Amino acid sequence: MTSSQDHKKVGIAPIVLSIDAMGGDLGPEAVVSGMSRSAKANPDIRFLVHGPKAKLAKLIERKKALAGRCEIRDAAGVVSMQDKPSQIMRHGQDTSMWAAIESVRNKEATVAVSCGNTGALMALSMIRLRKLPGVNRPAIAILWPSRNPQGFNVMLDVGADVRADAQDLLQYALMGVSYARNGLELDRPRVGLLNVGTEEHKGRAELREAHELIGKMADRAQFEFVGFVEGGDIPGKACDVIVTDGFTGNVALKTGEGTASLIGDRLKEAFAYSPLSRLASLLALTSLRRLKKKIDPRRVNGGVFLGLNGTVVKSHGSADATGVSAAIKLAFQLAQSGFADRLAARLALLTDSKTDLAHSEETPK
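Residues numbered from 1 in each chain as written. Predicted model: local features only at pLDDT ≥ 70, side-chain atom pairs only at ≥ 80, totals over all residues. Heavy atoms only, no water.

K.L.:
So what exactly am I meant to see when it comes to helix 3 (residues 53-61) here?
P.N.:
Every α-helical turn comprises 3.6 residues, leaving residues that sit three or four positions apart pointing alike. Of the residues making up helix 3, those classed as buried are Leu56, Leu59 and Ile60. Projected onto a plane normal to the axis of helix 3, the buried residues spread over an arc of 95° and lie on a single side. Away from its buried face, by an angle of more than 90 degrees, helix 3 presents the exposed residues Ala54, Lys58 and Glu61. Those residues of helix 3 that are buried lie in contact with helix 2 (27-41), strand 2 (45-51) and strand 3 (70-74). (Buried < 20%, exposed > 50% of the residue type's maximum accessible area, 1.4 Å probe, protein only. Helix = DSSP H or I, 4+ residues; strand = E, 2+ residues; numbered from the N terminus. Arc of directions from axis to C-beta. Contact = heavy atoms within 4.5 Å.)

Structure below.
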């Protein structure tokens, strides 16, 4: 029995993902190869692929795993890494990125995946998908390798907006909790608010206000608030969700990536130093491969845009087939869990909380 027959039998429709095949540093070849890997791993994935039809058709025809599972939408334009978001908003209607977002807007696909220009992708997503009710600023959430049993922590915002007031940070906390539940299968995630110290009197005024707001929402939204955490807790086990503004989060992310790259380079240099050290590297080969797999950024590739009427996964621009496949896997997991609807319901708690507070203030004591 074929996969399609299975779906007809149990009444379950396959999950459709919208793929921007252009814009990545390695071109559509890497994107299509990543799609093929994902298709082999899961028979329930289907793709709407956006880009030059003639070129994409040839690439897809070479991948047996993609046979009958792709619909190509012709889009001649490509958003480059140098393009300004404002330019794309005015003149980008013919681009593969625009078309990929539009497919989610039109409910043809559940999640969009793109390796393209982050600023343009966020701008397009905000304008075409619109923000969820009550959301002031969307956020980009990532998975950060950690000492926790699940192997990762959720961190947000890492660059959607450099600013965030106390109310924004509360929204980020709720969005991060929803992501941790659906992406990491944590029933009661622990939330930490990133600060320069763990004492409650430390940090800017908006951080102290956010500390109070998040703490009051914890029981109602069914998460644990551990209070302030520091930079060393980002890869630690003190919490599962780290909340911060986009400026701080982006600096932390780029610092972490740079440090990981430096450590990798220094290890190579150390093991190549002498014949004895090269012998040691051979003896430690299995352990080194295990370490590389655990810290390989390609395997946790994908920042999720949260707070929109639709889900968008941003892959690294330099992603190869492994990285693209990881981003597609994340997109599929979020689509499978009904993440967008669950996130909207969680953010509705915030609106209800404000209404309750307003009523309580109007009621005489």
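K.L.:
It is not clear to me how the environment of Leu207 should be interpreted in this structure. Could you clarify?
P.N.:
Relative to the assigned elements, Leu207 resides in helix 8 (residues 205-221). Taking the relative accessible area as the measure of exposure, Leu207 reaches 7% and is therefore buried. For Leu207 and Asn195, which are 12 residues apart along the polypeptide, the C-alpha to C-alpha distance reads 7.6 Å. Ignoring anything within four residues of it in the chain, the contact list for Leu207 reads Leu169, Leu193, Leu194, Asn195 and Phe228.

K.L.:
What exactly am I supposed to notice about the side chain of Gln150 here?
P.N.:
With respect to the element layout, Gln150 can be found in the loop between strand 5 (139-145) and strand 6 (152-156). Here Phe152 takes part through its backbone oxygen, which lies 3.0 Å from a polar atom of the side chain of Gln150. Residue contacts for Gln150: discarding those within four places in its chain leaves Leu184, Leu186 and Asp240. (Polar contact = N/O pair within 3.5 Å; in protein donor to acceptor, adjacent residues only side chain to side chain.)

K.L.:
How do you make sense of the packing of helix 5 (residues 96-105) against helix 6 (residues 118-129) when you look at a structure like this?
P.N.:
Packing of helix 5 against helix 6 leaves a shortest axis separation of 10 Å and a crossing angle of 35°. In this structure, helix 5 crosses over helix 6, and the sense of that crossing is right-handed. Across from Met97, Trp98, Ile101, Glu102, Val104 and Arg105 in helix 5, the residues of helix 6 making contact are Ala120, Leu121, Leu124, Ser125, Arg128 and Leu129. When its residues are assigned to classes, the contact of helix 5 with helix 6 shows 8 nonpolar, 1 polar and 3 charged. (Axes fitted to C-alpha atoms, helices over the stretch in contact; angles between N-to-C directions. Left-handed = near helix turned anticlockwise from the far one by under 90°. Nonpolar A, V, L, I, M, F, W, Y, C, P; charged D, E, K, R; others polar.)

K.L.:
Looking at this structure, how should I read the pairing of strand 10 (residues 303-306)?
P.N.:
Strand residues, when the strand is regular, have side chains that alternate between the two faces of the sheet. Here strand 10 shows a buried face lined by Gly303 and Phe305 and a second buried face lined by Val304 and Leu306. The sheet contact formed by strand 5 and strand 10 spans 3 bridges and is antiparallel. Each bridged residue has a counterpart across the sheet, and for Ala139 the counterpart in strand 10 is Leu306. Across 3 bridges, the pairing between strand 10 and strand 11 (residues 311-314) is antiparallel. Counted as the bridge partner of Gly303 is Lys314 from strand 11. Linking strand 10 back to strand 11 in an antiparallel pair, the connection comprises 4 residues, with Gly307 at a positive phi of about 100°. (Pairing = 2+ DSSP bridges.)

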